[in-house]
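Summary of structural features
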Amino acid sequence: MKEEDIGSTMDVDPKQYEQIIINGKDSHNIILSYLIHGCFKDTVESLVASTGLKVSAAQLEDMEKRKRILHFALNGNVLGAIQLTEEVSPDLLEKDNGLLFDLLSLRFVELISSKKCTEALEFAQAKLTPFGKMQDYVEKLEDFMALLAYGEPEKSPVFHLLSLDYRQHVADKLNRAILAHACMPSYSDLERIIQQATVVRQCLSGDLGKDVVSPFSLKDFLKS
């Protein structure tokens, strides 16, 4: 196939996608997978009631437990999130130092944000300092400790550590870890489909070169 022919396949008219028949049940299952993964329990129950899909009592119970943990992590009760995680997934945090550090760092950030700098320092010395003995955490630890040097940490070079985006990142990581610990998929079907489609398009773009097609953008593709 010529380069120009291959390149043209990268810019297919979106209307052509409409010719591909999608099984409604498959779509519902993909949506259900995403909702279960994200702990949207009420929406799951509504979808099940309207489509006839099946969700077990165990799945509903699991969602409720993970939802509580994520709520704690996102709303300033990291110690509560850690306690519940240890109950739901015994030994998970003991084995996953990276996840434990991330959660403890959120607690440190909570104290900094509340202007409890003395308590934050004491917490760091008791809970975070031991990670300084491991090379993988030295730079991260330095970034968090740098917050103590600023009267207005939200204006510091590492202000992103105080953001909701960072907290959401840690919560997502925790959710995936709990799912994997329970031998369940750590990514929803919808995420897997997006990941696969993105990788395929990026590989095609890379093989053809920038002079033939522009780099693939999922955001631009979904707008087309």
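Just above sits the structure.
This write-up is about the structure you can find in this document. Since this is a predicted model, take the numbers as computed values, not measurements.

Conventions used here
Residues numbered from 1 in each chain as written. Predicted model: local features only at pLDDT ≥ 70, side-chain atom pairs only at ≥ 80, totals over all residues. Heavy atoms only, no water. Helix = DSSP H or I, 4+ residues; strand = E, 2+ residues; numbered from the N terminus. Buried < 20%, exposed > 50% of the residue type's maximum accessible area, 1.4 Å probe, protein only. Contact = heavy atoms within 4.5 Å. Areas by Shrake-Rupley, 256 points an atom, 1.4 Å probe, with all protein chains shown as cover. Salt bridge = Lys/Arg side-chain N within 4 Å of Asp/Glu carboxyl O. Expected span 1.5 Å × (residues − 1). Patch = residues over 30% accessible without salt bridge, like charges linked within 9 Å, V, L, I, M, F, W, Y side chains within 5 Å. Axes fitted to C-alpha atoms, helices over the stretch in contact; angles between N-to-C directions. Parallel < 35°, antiparallel > 145°, perpendicular 65-115°, else oblique. Nonpolar A, V, L, I, M, F, W, Y, C, P; charged D, E, K, R; others polar. Phe/Tyr/Trp six-rings, centres within 6.5 Å; stacked < 30°, edge-to-face > 60°.

Looking at the overall build of the chain
From N to C terminus, the chain includes 12 helices and 0 strands. Sequence-ordered secondary structure for the chain, helices as α and strands as β, is α-α-α-α-α-α-α-α-α-α-α-α. Across the 224 residues that make up the chain, the buried fraction comes to 33%. Looking at the chain alone, contacts between residues at least 24 apart form 56% of all its contacts between residues at least 6 apart. For the chain, the accessible area works out to roughly 14100 Å², and carbon and sulfur atoms hold 54% of it.

Structural notes on the side chain of R167
Mapped onto the fold, R167 is located in helix 10 (residues 164–181). Residue class for R167 comes out buried when judged on its relative accessible area of 12%. With near-sequence residues (within four places) excluded, R167 lies in contact with A73, L74, G76, V78, L106, V109 and E110.

Some thoughts on helix 5 (residues 78–88)
For helix 5, the full list of buried residues reads V78, G80, A81, I82, L84 and T85. Check the buried side of helix 5 and you find it contacts helix 4 (57–74), helix 6 (92–95), helix 7 (97–113) and helix 10.

Here we look at the pattern of salt bridges
Within this structure, the stated rule accounts for 10 salt bridges. For K173, the salt bridge goes to D102, with nearest N and O atoms at 2.8 Å. Highlighted residues: K173 in helix 10 and D102 in helix 7, separated in sequence by 71 residues. Looking at K173, the relative accessible area reads 31%, which means it is partly exposed. For D102, a relative accessible area of 5% puts it in the buried group. Overlapping salt bridges, with partners in common, bring together R107, E110, E119 and R167 in one network.

Considerations on helix 7
With 17 residues, helix 7 should reach 24 Å at 1.5 Å per residue; the first-to-last C-alpha distance of 24 Å fits that figure. Judged by how many residues are buried, helix 7 sits mostly within the fold: 14 of 17 residues are covered. Taken from the residues just after helix 7, K115 is the one with a positive phi, measuring 65 degrees.

Some remarks on unusual backbone geometry
With phi around 65 degrees, C39 is a residue other than glycine that occupies positive phi space. Structurally, C39 can be placed in the loop between helix 2 (24–37) and helix 3 (41–51). One non-glycine residue, C183, lies in positive phi territory at about 60 degrees. Along the polypeptide, C183 turns up in the loop between helix 10 and helix 11 (189–208).

Comments concerning a nonpolar patch on the surface
Nonpolar side chains collect at one region of the surface, where Y34, F40, L190 and I194 lie side by side and expose about 320 Å² of accessible area between them. Among the secondary structure elements, I194 is positioned in helix 11. Taking relative accessible area as the criterion, I194 reaches 35% and is therefore assigned partly exposed.

Things to note about the packing of helix 7 against helix 9 (residues 135–146)
At their nearest, the axes of helix 7 and helix 9 sit 11 Å apart, and the two run at 10 degrees to each other. Relative to helix 9, the element helix 7 lies roughly parallel. Every residue of helix 9 that contacts helix 7 at N97, G98, F101, S105, F108 and V109 is listed here: Y137, K140, L141, F144 and M145. Grouping the amino acids of the contact of helix 7 with helix 9 by side-chain chemistry returns 7 nonpolar, 3 polar and 1 charged.

Description of the packing of aromatic side chains
The final tally for this structure, using the stated rule, is 6 aromatic pairs. Relative to Y137, the ring of F101 lies with its centre 5.3 Å away and its plane at 40 degrees, an arrangement referred to as tilted. Here F101 is found in helix 7, whereas its partner Y137 is found in helix 9, with 36 residues between them in sequence. When sorted by exposure, F101 lands in the same class as Y137, which is buried. An aromatic cluster of three or more residues is present, and its members are F101, F131, Y137, F144 and Y166.

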